[in-house]
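Chain and residue survey
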Amino acid sequence: MKILLIAAAATASLSLAQTKETFTGVITDDMCGATGHAQMRMGPTDAECTVACVLAHGARYALSDDSKIYILSDQRTPEQFAGQKVTVVGVLDAKTMTITVESIAATN
């Protein structure tokens, strides 16, 4: 009986395992992401504004796909892609709209 309970618990936890997804969008920040950078304009480009908002105002790097803003768990790698279109592979927490990032790559 004990083995059946362990097996059932293991099966249940596997079914709750989150699935990796692929997201495409632009690296921005959660402060300007929804409204655009024109209002803050912390630099002459969207990329510079994104980095400045993160460094100076405590914003977090995010991915914008034109309809949603996703916070990125990795807050170091996105800096090199600020303002660029990228593909992010990771697991989405729908409650917090946070992607646990596995990889980020520039797209064309």
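Our subject is the structure that appears above.
One structure accompanies this document, and this report is about it. Not measured: the values here are computed from a predicted model. (Residues numbered from 1 in each chain as written. Predicted model: local features only at pLDDT ≥ 70, side-chain atom pairs only at ≥ 80, totals over all residues. Heavy atoms only, no water.)

1. Some remarks on the overall build of the protein chain
- Of regular secondary structure, the protein chain possesses 2 helices and 5 strands.
- The order of α-helices and β-strands along the protein chain, N terminus first, is α-β-α-β-β-β-β.
- Contacts in the protein chain between residues far apart in sequence, at least 24 positions, make up 55% of those at least 6 positions apart.
- On the protein chain, roughly 6,800 Å² of surface is accessible, and the fraction owed to carbon and sulfur atoms is 57%. (Helix = DSSP H or I, 4+ residues; strand = E, 2+ residues; numbered from the N terminus. Contact = heavy atoms within 4.5 Å. Areas by Shrake-Rupley, 256 points an atom, 1.4 Å probe, with all protein chains shown as cover.)

2. Here's the deal with the sheet that holds strand β4 (residues 85-93)
- Taken together, the 5 strands give a closed barrel; going around it, the order is β1-β2-β3-β5-β4, and neighbouring strands pair in mixed fashion. On average, adjacent strands in this sheet sit at an angle of 55° to one another, irrespective of strand direction.
- Relative to strand β5 (residues 98-106), strand β3 (residues 69-72) runs parallel, the two sharing 2 bridges. The residue bridging isoleucine 71 from the neighbouring strand is threonine 98, located in β5.
- With respect to the sheet, helix α2 (residues 46-57) is in contact with β1 (21-29) and β2 (61-64), its orientation differing from that of β1 by roughly 80°. (Pairing = 2+ DSSP bridges. Axes fitted to C-alpha atoms, helices over the stretch in contact; angles between N-to-C directions.)

3. Side note on the packing of aromatic side chains
- Taken as a whole, this structure holds 1 aromatic pair when the rule is applied.
- Plain terms: the ring middles of phenylalanine 23 and tyrosine 70 are 5.2 Å apart, the flat faces sit at 55° to each other, and that makes the pair tilted. Of the two residues, phenylalanine 23 sits in strand β1 while tyrosine 70 sits in strand β3, which places them 47 residues apart along the sequence.
- Exposure remark for phenylalanine 23: the relative accessible area of 8% places this residue in the buried category. (Phe/Tyr/Trp six-rings, centres within 6.5 Å; stacked < 30°, edge-to-face > 60°. Buried < 20%, exposed > 50% of the residue type's maximum accessible area, 1.4 Å probe, protein only.)

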